[in-house]
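These are the residues of each chain, in order.
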Amino acid sequence: MNNDTLIPLIGVVTDIRQDTPDVKTFRVNALDGGKVFEHMPGQCAMLSIPGVGEGMFSITSSPTNKEFMEFSIKKCGCLTTWLHAMDVGQQITIRGPYGNYFPVDTELKGKDLLFVAGGIGLAPLRSVINYVRDKRADYGDVQIVYGSRSKDDLVDYKEIIDEWTADPNIEVNLTIDNPQEGWDGHVGFVPNYVKELNPSTNKTVLVCGPPIMIKFTLAGLKELGFTETQVYTTMELRMKCGVGKCGRCNIGDKYVCKDGPVFRFDQLDALPDEY
Amino acid sequence: MQEAMIKRAKELLADGTVNRVMGWKKGEFAYDTTPAVFETAEEIDREFVYNDFTQANQSKYLIKESRKEGKILALLKPCDTYSFNQLVKEHRIIRENVYVIGIPGGPKIDIEKIKAKGITGITNVKNEDFTLKIETIYGVETMPFYEAISVKCESCKSKKHVVYDELIGEDGDVLDSNRFDMVEKLENMTAQERYDFWRGELSRCIRCNACRNVCPACTCENCVFDNPKSGIDQKAAADSFEENMFHIIRAFHVAGRCTDCGECSRVCPQNIPLHLLNRKFIKDINCLYGEYQAGADTTSKAPLTDYRTDDCEPSVVHERGAE
Amino acid sequence: MLKISASNLNALFDRIAEKQTLYIPVDREPNVSEYKKYESGMTMSKALNTVRSAKDFFFPQTENLAEFKMSGKTIEVKDIRKENEDFVVFGVRACDARSFGILDKVFLSEPVDSFYKNRRDHGTIVTMACTRPAETCFCTTFGIDPTVPGGDVSVFFDGENYFFLDNTPKGEAFVASVSDLLENGDASKLAEVQENARNIMKKLPLAGLSTDSFGGERLMEHFNSDKWAELSESCFGCGTCTFVCPTCQCYDIRDFDTGNGIKRFRCWDSCMYSDFTKMAHGNSRNSQLERFRQRFMHKLVYFPANNDGEFGCVGCGRCLSKCPISMNIVKVMKALEDK
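Residues numbered from 1 in each chain as written. Chains lettered and ligands numbered in written order. Predicted model: local features only at pLDDT ≥ 70, side-chain atom pairs only at ≥ 80, totals over all residues.

Participant: Could you clarify how one ought to interpret the overall build of chain A in this entry?
Facilitator: If you tally the helices and strands in chain A, you get 6 helices and 15 strands. The C-alpha atoms of chain A give a radius of gyration of 18 Å, which matches the 19 Å a tight globule of 275 residues would have. For chain A, the share of sequence-separated contacts (at least 6 apart) that also reach a separation of at least 24 residues comes to 71%. (Helix = DSSP H or I, 4+ residues; strand = E, 2+ residues; numbered from the N terminus. Rg over C-alpha atoms; globule rule 2.2 N^0.38 Å. Contact = placed C-beta atoms within 7 Å.)

Next comes the structure, spelled out in structure tokens:
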């Protein structure tokens, strides 16, 4: 019988990084090393600990990383609490990749890019950012606006400081919600910061974060003259199968697991407001 | 009767006593009726129905409705008043926000019993002197009214309204019902026969939760079977015995609070006689703690949540088990 | 046309059951039928249709997907799939036969669901033409002719004999396997029987129901209709409609700790249930209105939007009979349709 996508593969956790007080980044390899499967930026995978639960997570590492996959996961429910408690060497089940991806090789190619992320919302964008950094010549200006509740809640802070801000070819703008000792950077909410930065309207925007942040960021971008067709986001709803059959992650006639998770805002506008 | 109810409902709406009326709405066929809330006299004139098929117990809806602004009119059959009272007792229904009119109850007809006679293509059902005249696209059929009486009305326990603000029609009495006959039959079976009976019945369960969701005693905000943290929130049986557990646990949980309204068996799409589980509890409570009818009043202490020095000893379980 | 007399039907069943598992509708109470594994001497039900639909044969209420052995930090996956045995389902009505085509669109589209396909590949569907539809029938609304029921083999009854017409290679093989019990017969009475049934369909109370107002292009309009509040007002969120429905295919995947490993199983789920879309951080369909709307939007709008206009309903009428509060797709269609 052919392989069935519902029967998962096994991966092993080879590194665990405490990113923020409630976010850890897990490195996953195939049992014999290397990656369990290939993916594109923005795609997801179903991770599970049998008996605990199974959940859909964005693959945060770039496809250009040929050695391993990474998942940045916030402690939120049963499964994620279990994942946060496990040690290196733990095996997990993994299946995928699922869903569409940011159109890095088509619509985004050659464009000036603006990434806007809030909190754990950086996770799906990190895959694209590192993909773009590794194929830097294919894209125009790259600007990243990233904010969190506090400095401690900035995911991948080390990579951001050591690699992204050190990269002369990209502009990184960080912000935190409230003033904090040891932080001399910008203070304020992400949507306001984006407006202050007044990015050029010829940029294509990729935004991910809490729903309220996305909502106000989009409104701010529109005030600046951006249109919905320029802005992409990635969605998350309850998923079980990952392949558009179990029937729960739909927004109108579109399944987030199969037709998404990446949507352009003009596409979302044509769908019911039920997410 | 329907006319009297419509007239009174419209009066109470007009004089501002209530701002909504809980009733039943006409359906596609002569026999399908849907519980509904009416807000205007026009809606009532257009859609309100009360007939031999309006079986649904509306008291559970009043939990939500009594928490809305204004007062709602509830038209309660005798059996519904017990559920209503029990929910008032459990502080689930806010009594002040409901104006209760006691209305005569059944016996109601179960359309499934008509269909079980092989009668199909039904376009109308008339009750002519306790003979049902059933018009169908294949011609007219007749059958005795009593053969179509719904299971819940077959063993009616009471024609008395235990709570009302006013009555339409006469009040009745608590009846000497035969409702424990089948329970006794089951008790008289051998353990194996009884086990086989329930395994057979419960094996048909499709776990649609209709029995639980309709049950006026099942009003937990988050049912243990829906709560992932309970560890038993499975939607399907992991093994063939688990389905039985769902019903047994549910029966335990409503024991002492179940008024025997019969809704669980009425809604079961697989015709499982679930009410028999509850009746067994009621019979046992009566026998071990003295006669008790849940919902008969709003003040008495329920036997299972009360302690008296003459309560039966736990050993009764062993003694009975040995029988 | 090949036929067998009504009195010989059980001989046919016995023959089929010799070689493979046979399921036929059997009465468990008068005129209340369910599919049962055939055992010699069983009588086929005369009821119009089974209480539960026939979807169970391909999409059972619960089935195991995989097993896991957990030991220390390691996990072992066990593929427990086995090639299904051949089986025959006899007496499927036209509505249920159509429902398989709808389920196929979900489970056989890429990536193919091997659990479903396995059963589908090994099942032979023998249908039975309707002669006495009920008032709850409205299959013709979805373009189904109940007198030409489809499946692998169509069976027609003229009051005395059952006539067989194979529709697929699988059906052809089935008829060939029992051909020595069949004889050539005069099917001239059948046309009259069919015509009669079609005329009855035209006289049924729901005969005028139309799908004209539905389909993918009406998505936003129907989603935003103000009718949903009233329609869903009394729905208490059970799964009866979903579970008796031949086309409802939403499922849940759960794990069960056997104490000796983990079984991962899939089971029917219902969009009417409050936890259907519940996540750790919230729920996209919090109210019963939203959940109720989802079920009917799926059948009348979303499904046709994704499947070349085919609706996710076959008009079998089960939800009309079984909904505890008598709310159903017909009432929804009538409330939403263009007046």
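Participant: Looking at this structure, I do not really get unusual backbone geometry. What am I missing?
Facilitator: Across residues other than glycine, the phi torsion is negative in most instances, and most of the peptide bonds are trans. With an omega dihedral of -5°, the bond running from Gly96 of chain A to Pro97 of chain A counts as a cis peptide bond. For Pro97 of chain A, the position within the fold is in strand 6 (residues 91-98). In the segment running from Gly260 of chain A into Pro261 of chain A, the intervening peptide bond is cis, with an omega of 5°. Position of Pro261 of chain A relative to the elements: it lies in the loop between strand 14 (254-255) and strand 15 (262-264). Residue Phe130 of chain B is not a glycine yet carries a positive backbone phi of 65°. With respect to the helices and strands, the residue Phe130 of chain B is situated in the loop between strand 5 (122-128) and strand 6 (131-136). By C-beta crowding, Phe130 of chain B is classed as exposed, having 8 other C-beta atoms within 10 Å. (Buried ≥ 20, exposed ≤ 12 C-beta atoms within 10 Å, placed from the backbone.)

Participant: Any chance you could explain helix 2 (residues 122-134) of chain A here in plain terms?
Facilitator: Because each turn of an α-helix spans 3.6 residues, side chains separated by three or four positions in sequence point in the same direction. Residues and elements named next belong to chain A. Given a rise of 1.5 Å per residue, 13 residues ought to cover 18 Å, and the 18 Å separating the end C-alpha atoms of helix 2 matches this to within 8%. Along helix 2, 11 of the 13 residues are buried, which leaves the element largely enclosed by surrounding structure. Listed as buried for helix 2 are Leu122, Ala123, Pro124, Leu125, Arg126, Ser127, Val128, Ile129, Asn130, Tyr131 and Val132. (Expected span 1.5 Å × (residues − 1).)

Participant: What am I meant to see in helix 9 (residues 288-306) of chain C here?
Facilitator: Residues and elements named next belong to chain C. The largest bend in helix 9 amounts to roughly 55° and is located at His298. Burial of helix 9 is extensive: 15 of the 19 residues sit out of reach of the surface. In the segment just after helix 9, Asp308 is the residue with positive phi, at about 50°. (Bend = angle between axes of the 7 residues up to and from the residue.)

Participant: Hey, could you run me through the interface of chain B and chain C in this one?
Facilitator: Accessible area lost upon the coming together of the parts is a frequently used measure of interface size. If you look at the interface, chain B gives 35 residues, while chain C gives 40 residues. Those elements giving two or more residues to the side of chain B that touches chain C turn out to be strand 2 (34-38), strand 5 and helix 9 (210-214) of chain B. Considering each element in turn, the side of chain B that touches chain C owes the most residues, 4 residues, to strand 2 of chain B. Its residues assigned to classes, the side of chain B that touches chain C shows 18 nonpolar, 12 polar and 5 charged. (Nonpolar A, V, L, I, M, F, W, Y, C, P; charged D, E, K, R; others polar.)

Participant: Whenever I open this one, the sheet that holds strand 5 of chain B confuses me. Can you help?
Facilitator: Within a beta sheet, neighbouring strands are joined by backbone hydrogen bonds and run either parallel or antiparallel to one another. Residues and elements named next belong to chain B. Across the sheet, which stays open at both edges, the 3 strands sit in the order 5-6-7 with antiparallel pairing between neighbours. Strand pairing shows two members of the sheet lacking a second neighbour, strand 5 and strand 7 (139-144), which therefore form its edges. Within this sheet the neighbouring strands show an average axis-to-axis angle of 20°, counted without direction. Where strand 5 lies against strand 6, 6 bridges are found, and the strand directions are antiparallel. (Pairing = 2+ DSSP bridges. Axes fitted to C-alpha atoms, helices over the stretch in contact; angles between N-to-C directions.)

Participant: Can you walk me through the sheet that holds strand 5 (residues 74-78) of chain C in this structure?
Facilitator: Residues and elements named next belong to chain C. Taken in spatial order, the 4 strands line up as 5-4-12-11 in an open sheet, and their pairing is antiparallel. The sheet is open, and its two edges are formed by strand 5 and strand 11 (251-257), each paired on a single side. Ignoring which end each strand starts from, the neighbouring axes of this sheet average 25° apart. In terms of strand pairing, strand 4 (residues 62-71) meets strand 12 (residues 262-268) through 6 bridges, oriented antiparallel.

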